[in-house]
Amino acid sequence: MRRPAAPGAALMLVATLACTEKLTAPVNCPELCPGESLIVRDTVLLPLVGMDSSYTGYLAANEVPALLVSDGLAAGEARAFADFPKRSDSISVDGLQYAYTIDSVAIGFGLLARDSMVPGLRLLLRRITPGTDTTATFEAVDSAFRQGALVDSILVADTLKTGTVRLVLKGDTLSRLDPAEADSGRIGLAVGVRASAPTGVRLASLLDPTRRPTMITYVHVPTPDTTRRKQTITATANNANYVIAGPPPPGADVLALGGRSGTRSLIRFAVPAALRDSASVLRATLELTPAAPILGLPNDPGTLQFRGLLADLGPKSVVLAGVAGSLAVPAGAIGVQSADVRSIVSTWFTPNPPPSVIFIGLFPEGGSFARAEFQSSRAASDGPRLRVTYALPSRPGHP
Amino acid sequence: MTPACRGLLLLLLVAGPAAAQSSEFGVRGLGIPLRPLSVRARATGGALGLFDSESGFNPAAIGLVGSVTASFQTVQGWRRSQTPAGVASVQDNRFPGIYVSGPIGGTRLALALSASGYTDRNFELASRDTLLLRGEEVEVFDTLVSHGGVSDLRAAVAWRQSSTVQWGVALHMLTGSNRITSHRAFSDTLYAGATERFTLSYLGFGGSAGVMARVGSRLTLAGMVRVDDRLTVERDSSPVGKTRLPLTLSGGVRVQLLDRLLIAGSGVYRTWSVADSELVAQGGIGSTNTFELNGGLEYIPDPKRPNRRPLRLGVYHASLPFPLERGSDVSETGISLGTGFRFVADRAGLDLAVERVWRSAGAGFTERATLLTLGISIRP
């Protein structure tokens, strides 16, 4: 008869207890610690004087991500316009073409942003001659808007911040959308805005496939099948854009961001070689001082986007993927804007560092009222500053 | 060489750096000196270390081995460490040694190869501090982790002059590393944590010689001397310095008091103060000479089957070489208890030892540890 294996039991006991590690013990340093911990220091890097610049023209006129409409806004007076294609004279139901009778027409816009603190917001829709293109000036569109026949206005609920707003015409008011013979059946609309105070809105552009301007025609079709008599004809705008009369172009001694065609800025720094070789970046903060109050739509801040560069080619520099920082800039801000750019600056402290340059843009580029102007390195004071907190190795663990 | 011997030799060669007994007392100098003892010797407080063929201490002790034997150990430790900064309960597991020995056929010689821990420098220290950054006080949390230590690779040859006298010599290669990681984290999440890592590596050589002689039928005496050269220290392959290693002198006595009872005692003296000035030059606190005294017994319930569940008891007291603060004394005292089993016709065995260790230094540093050591031996 075999006896219980005591050795095996002991082995299992130890195996159960084994591989259990919990090593940390509290200590007072430096009494027990063999050497000091990482050395932490702060420094301020200033940009290379005269090497920071602003560049514009990054966005084609038909690439705007939003349609801006405003009334009395300091950031700029803006009007939007949209053309809808000619509506067919007949509709196909179950394979047969039928003439139809219009019951109503709904025109919808996607509201992306508004100043929710301004009540009584209305979108004004006026007929203008279709065919307004991207070369149109603000004066031309605004003049057409003022002279155009009012289709109607859309009262935007004060509680609505984003979503679809619609104007529905029926009965006698349908005639306001009758296409003119000279317009080949197309319908042109200009959009303005009114509220209890100067304000603006951002509407979805043609780049937004789900919220772009849409005209839905509800029709009655004389089919034998009574369940098929109500039909809709949906048309999305084939042309929509906006014009804006913004503030004058900034001077050459400021770093500008924003604008309809996209303005970006580039700031170059020199990193001390002693730090580049051994430091580890713990925190990096870019401080920008506004040259003037930040312009924009209140309660709809633009976002400064900071990127590192793979290659410094001036305005056509190649940005580093995944190396970025961001900072929301509210309208009216006048204080120093501080952005965390550690992910960018830490790449400068690597064995094969990319250019020590920060490339700044403003999101949504071409689709925001936000416009920022910051003091550049050419300014007598308050130019960009990069505050870097870094760690140096201390080689602890001595015997 | 038989296939079994070749396998055991391969096992010995691929064994990683040995280590044991992580402790806050292993922070200074080269760490905590380790005792290259078998589980049997450990259970007797180290008293049988000079006489035990499975210990890597006295090369003469292998002179009487009659068959090839391989053994290795694992140690699970539970410690409660107290420092002026607080108290921590710490656990760790180590594999402190592997031994292979056997007679050289047709001669009076025996050969042993072993890998054991020389010093252990495994520790994790945590502390907190406050820094003034950008005009604000920021709390920081530091951890310093060291893994590794110095291992002692030994090749020993013993000559059996007679059935009562054996001589032995051994060559030692001291090698190993400390993988050190220092991390600083911030309470303010705007600051990223920072880490630095590097490796301290060690290399040195030494030699030892020993004798074991039976006087009469019940008394056995043993002695050992060991000399080590300077230990070369490099940080990431860059020279840091050299550290003198101590001369080790040890002597012991073993008495077969009764058929069932064996008692033993020994002392070990190491001149660690020779490393003092070089450790200080490398930024350390320094080192002092150490002395260890131990005594123990082994009681065999059945003299006809001496390997069946012997009872082992031991006690030791030792000073440690690396003070936590300059001028302070560091010491440890331990008591131990153990037993063993043999099975598969005595071809395999398990030995077990439980130790309770107290360590103390000035300025509020104390430590209590319970160490459970399991040894497995094979005689193919």
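These numbers were taken from a predicted model, which means no experiment stands behind them.

1. A look at the overall build of chain A
Part 1 of the argument: Counting secondary structure elements, chain A contains 4 helices and 25 strands.
Part 2 of the argument: Computed over the C-alpha atoms, the radius of gyration of chain A is 31 Å, more than 25% above the 21 Å expected from 2.2 N^0.38 for a compact globule of 399 residues.
Part 3 of the argument: Here chain A holds 399 residues, and 40% of them are scored as buried.
Part 4 of the argument: Taking the contacts inside chain A whose residues are at least 6 apart along the sequence as the reference set, 81% of them involve residues at least 24 apart.

2. Considering the overall build of chain B
Part 1 of the argument: From N to C terminus, chain B includes 3 helices and 19 strands.
Part 2 of the argument: Its C-alpha atoms give chain B a radius of gyration of 22 Å, within 12% of the compact-globule value 21 Å for 380 residues.
Part 3 of the argument: Expressed as lengths along the three principal axes of its C-alpha atoms, the size of chain B is roughly 80 × 40 × 40 Å.
Part 4 of the argument: Per-residue burial for chain B yields a buried fraction of 51% across its 380 residues.

3. Brief notes about the sheet that holds strand S9 (residues 122-128) of chain A
Residues and elements named next belong to chain A.
Part 1 of the argument: Across the sheet, 5 strands lie side by side as S10-S9-S12-S5-S16; this open sheet has antiparallel pairing. Whereas interior strands pair on both sides, the edge strands pair on one side only; in this sheet they are strand S10 (150-155) and strand S16 (239-245). Taken over all neighbouring pairs, the strand axes of this sheet differ in orientation by 25 degrees on average, direction set aside.
Part 2 of the argument: Taken strand by strand, helix H2 (residues 138-147) contacts strand S5 (77-84), S9, strand S12 (187-194) and S16, and its axis lies near 70 degrees from that of S5.

4. A word on the nonpolar core
Part 1 of the argument: Core analysis: the largest hydrophobic core is formed by 91 residues, its most contacted members being Val69(A), Ala80(A) and Leu203(A).
Part 2 of the argument: If near-sequence neighbours (up to four positions away) are discounted, Leu203(A) is found in contact with Ala66(A), Leu67(A), Val69(A), Ala80(A), Phe109(A), Gly110(A), Leu111(A) and Leu112(A).

5. Topic: the sheet that holds strand S25 (residues 385-392) of chain A
All names here are of chain A.
Part 1 of the argument: Pairing is antiparallel across the open sheet formed by 4 strands, whose spatial order is S2-S25-S19-S22. Because the sheet does not close on itself, it has two edges, and the strands there are strand S2 (39-45) and strand S22 (337-340). The average undirected angle you get between the axes of adjacent strands in this sheet is 20 degrees.

6. Notes on unusual backbone geometry
Part 1 of the argument: A cis amide bond links Phe363(A) to the next residue, Pro364(A), at an omega of -5 degrees.
Part 2 of the argument: Within the secondary structure layout, Pro364(A) lies in the loop between strand S23 (357-363) and strand S24 (371-375).
Part 3 of the argument: Of note, the phi angle at Asp236(B) is positive, near 50 degrees, even though the residue is not glycine.
Part 4 of the argument: With respect to the secondary-structure elements, Asp236(B) resides in the loop between strand S11 (231-235) and strand S12 (238-243).
Part 5 of the argument: On the basis of neighbour counts, which here come to 11 C-beta atoms within 10 Å, the residue Asp236(B) falls in the exposed class.
Part 6 of the argument: Within the chain, Asp346(B) stands out as a residue other than glycine whose phi angle is a positive 65 degrees.
Part 7 of the argument: In this structure, Asp346(B) sits in the loop between strand S17 (331-343) and strand S18 (348-361).
Part 8 of the argument: Exposure remark for Asp346(B): the 12 C-beta atoms within 10 Å place this residue in the exposed category.

Parameters at a glance
- Residues numbered from 1 in each chain as written.
- Chains lettered and ligands numbered in written order.
- Predicted model: local features only at pLDDT ≥ 70, side-chain atom pairs only at ≥ 80, totals over all residues.
- Helix = DSSP H or I, 4+ residues; strand = E, 2+ residues; numbered from the N terminus.
- Rg over C-alpha atoms; globule rule 2.2 N^0.38 Å.
- Buried ≥ 20, exposed ≤ 12 C-beta atoms within 10 Å, placed from the backbone.
- Contact = placed C-beta atoms within 7 Å.
- Pairing = 2+ DSSP bridges.
- Axes fitted to C-alpha atoms, helices over the stretch in contact; angles between N-to-C directions.
- Core = buried A, V, L, I, M, F, W, Y, C linked by C-beta atoms within 7 Å.

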